[in-house]
Amino acid sequence: MSTTVTLVPMTRAHIDLLLPHEREMFGTEAWSASSYRAELADTRLRHYVAAEDATGALLGWGGVMVVAESAEILTVGTVPAARRRGVGRLLLTALLAEAVRRGATEVFLEVRVDNDAALALYDGEGFARLGVRRGYYDAGRVDAVTMRKELPA
Ligand SMILES: CC(C)(COP(=O)(O)OP(=O)(O)OC[C@H]1O[C@@H](n2cnc3c(N)ncnc32)[C@H](O)[C@@H]1OP(=O)(O)O)[C@@H](O)C(=O)NCCC(=O)NCCS
């Protein structure tokens with residue numbers, strides 16, 4: 001990777017920076033500013049990180065929820081201009097590390113069946129496909145693949 005990437009705890013200041021990308025990246029599943037504010041406020045169960053370049057520009061962000069021994073990846077995204085430089089993998093690795101730190105032994109996620117980039121990322125990081133949730137996205141039009149990965153103790 002040519003750019004220096006730094007992971008920092010995501011703050012409310014990052015919400016304004018990510019919103020212009022959110023709709024383009026997540027379409028009908030895009031979250032609002034108030035959704036993100038609520039997510040960030042729930043520090044007991046959730047942990048969000050942001051990736052920045054050397055100038056502080058936002059490259060990506062992601063979040064994980066840990067309830068008892070199970071974690072769930074809530075979102076992961078890399079802004080289009082910064083893709084294929086390892087940012088997504090870095091974010092995912094940090095979220096998994098936090099899940100382990102909080103005592104999770106397994107992690108789940110859902111991903112659109114047509115999201116080849118994300119499926120490749122998760123396949124590569126050791127997630128196994130569990131099944132399909134019919135009509136999970138786009139008001140019943142697009143299925144989700146559910147994935148699971150065991151975490152080290
Ligand atoms: C999925 C996403 C987060 C990947 O981010 P990224 O920073 O480009 O990913 P990385 O550069 O870390 O890539 C890691 C691996 O993922 C896979 N991958 C990433 N993008 C890919 C693509 N377009 N096609 C195929 N494989 C891809 C590759 O295996 C890659 O490893 P490699 O570069 O060594 O081959 C990004 O495409 C994105 O933000 N998409 C829109 C939002 C989204 O779909 N989020 C996931 C919701 S479940």
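Not measured: the values here are computed from a predicted model. Sequence positions are assigned chain by chain, starting from 1 and proceeding in written order. A pLDDT threshold of at least 70 governs which residues receive local features in this predicted model, and a stricter bar of 80 or more applies before side-chain atom pairs are shown or counted, although totals over entire chains, interfaces and linings include all residues. Side-chain metrics rest on all non-hydrogen atoms present in the structure, leaving aside hydrogens and water.

Overview of the site of the ligand
1) Next: Neighbouring residues of the ligand: 20 residues in total, closest V76, T78, G86, G88 and N115.
2) Next: Two N or O atoms form a polar contact when they lie within 3.5 Å of each other; inside protein one atom must be a possible hydrogen donor and the other a possible acceptor, and for residues adjacent in sequence the pair counts only when both atoms belong to side chains. Contacts to the ligand include R83, whose side-chain N or O atom sits 3.5 Å from an oxygen atom.
3) Next: Between the ligand and the protein, one listed contact pairs an oxygen atom with a backbone N or O atom of G86 at 2.8 Å.
4) Next: In these tables, accessible area is a Shrake-Rupley quantity obtained with a 1.4 Å probe, and a residue counts as shielded only by the protein chains included in the view. Contact with the protein chains hides 75% of the accessible area of the ligand, taken as 910 Å² for the molecule alone.
5) Next: Cavity: a set of points on a 1 Å grid over the protein atoms alone where a 1.4 Å probe fits but cannot get out. Pocket: an open set with protein on both sides within 12 Å along at least five of seven lines, its lining residues, like those of a cavity, having an atom within 4 Å of a point. Cavities and pockets are treated as containing a molecule whenever more than half of the molecule's atoms lie within 2 Å of their grid points. Spatially, the ligand is embedded in the largest pocket.
6) Next: Helical segments are the DSSP runs of H or I of at least four residues, strand segments are the runs of E of at least two, and each set is numbered from the N terminus. Contributing elements (two or more residues each) for the shell around the ligand: helix 1 (12–26), strand 4 (70–78), helix 3 (87–101), strand 5 (106–112) and helix 4 (116–124). Any residue with at least one heavy atom within 4 Å of a molecule or strand is counted as near it.

Re the sheet that holds strand 7 (residues 142–150)
Strand-to-strand pairing in sheets goes through backbone hydrogen bonds, with the strands running parallel or antiparallel.
1) Next: Paired strands, in this sense, are two strands between which DSSP finds at least two bridges. In spatial order, the strands read 1-2-3-4-5-7-6; together these 7 strands make up an open sheet with mixed pairing. Each edge of the sheet is formed by a strand with only one pairing partner; in this case those strands are strand 1 (6–9) and strand 6 (128–137). In this sheet, neighbouring strand axes are inclined to one another by 25° on average, regardless of whether the strands run parallel or antiparallel.
2) Next: Bridge count for strand 4 against strand 5 is 3 bridges, and the pairing is parallel. As a rule, the C-alpha atoms of each element are fitted with a line to give its axis, helices using only the stretch in contact, and angles between N-to-C directions run from 0 to 180 degrees.

Quick notes on unusual backbone geometry
Excluding glycine, most residues fall at negative phi; most peptide bonds, likewise, are trans.
1) Next: We note that R84 has phi near 60°; this positive angle belongs to a residue other than glycine.
2) Next: Within the secondary structure, R84 sits in the loop between strand 4 and helix 3.

Let's talk about the UniProt feature "domain: N-acetyltransferase" (unreviewed entry) in the chain
1) Next: UniProt positions are given in the numbering used here, feature names are shortened, and annotations may be inferred rather than shown by experiment. If you check UniProt for "domain: N-acetyltransferase" (unreviewed entry), the listed places come out as residues 5–152 in our numbering.
2) Next: Taken end to end, residues 5–152 has its terminal C-alpha atoms 26 Å apart, with 32% of it in helix and 38% in strand.

Topic: the layout of surface pockets
1) Next: Grid points are joined across faces, edges and corners, and a volume is the space filled by probe spheres set on the points. Of the pockets and cavities examined, the largest pocket occupies roughly 1100 Å³.
2) Next: Contributing to the lining of the largest pocket are 35 residues, with F26, V76, N115, A118 and Y122 lying nearest its centre.
3) Next: When contributions to the lining of the largest pocket are tallied by element, the ones reaching two or more residues are helix 1, strand 4, helix 3, strand 5, helix 4 and strand 6.
4) Next: Top element by residues in the lining of the largest pocket is strand 4. It accounts for 7 residues.
5) Next: Charged means Asp, Glu, Lys or Arg here, nonpolar means Ala, Val, Leu, Ile, Met, Phe, Trp, Tyr, Cys or Pro, and polar covers whatever is left, Gly included. Along the lines of polarity and charge, the residues of the lining of the largest pocket split into 18 nonpolar, 8 polar and 9 charged.

A word on the packing of helix 1 against helix 2 (residues 33–41)
1) Next: Axis separation between helix 1 and helix 2 bottoms out at 10 Å; the angle between their running directions is 140°. The angle between helix 1 and helix 2 places the two elements in the oblique class. Of the two possible hands of crossing, helix 1 and helix 2 adopt the one that is right-handed. Two secondary-structure elements touch here, helix 1 through R12, I15, L18, L19 and E22 and helix 2 through A33, Y36, R37 and L40.
2) Next: Partitioning the contact of helix 1 with helix 2 into residue classes produces 6 nonpolar, no polar and 3 charged. To sort the angles, those under 35 degrees are grouped as roughly parallel, those over 145 as roughly antiparallel, those from 65 to 115 as roughly perpendicular, and the leftovers as oblique. By convention, the crossing between two helices is left-handed when the near helix turns anticlockwise from the far helix through less than a right angle, and right-handed when the turn is clockwise. Here a residue-residue contact requires only that any non-hydrogen atoms of the pair lie within 4.5 Å.

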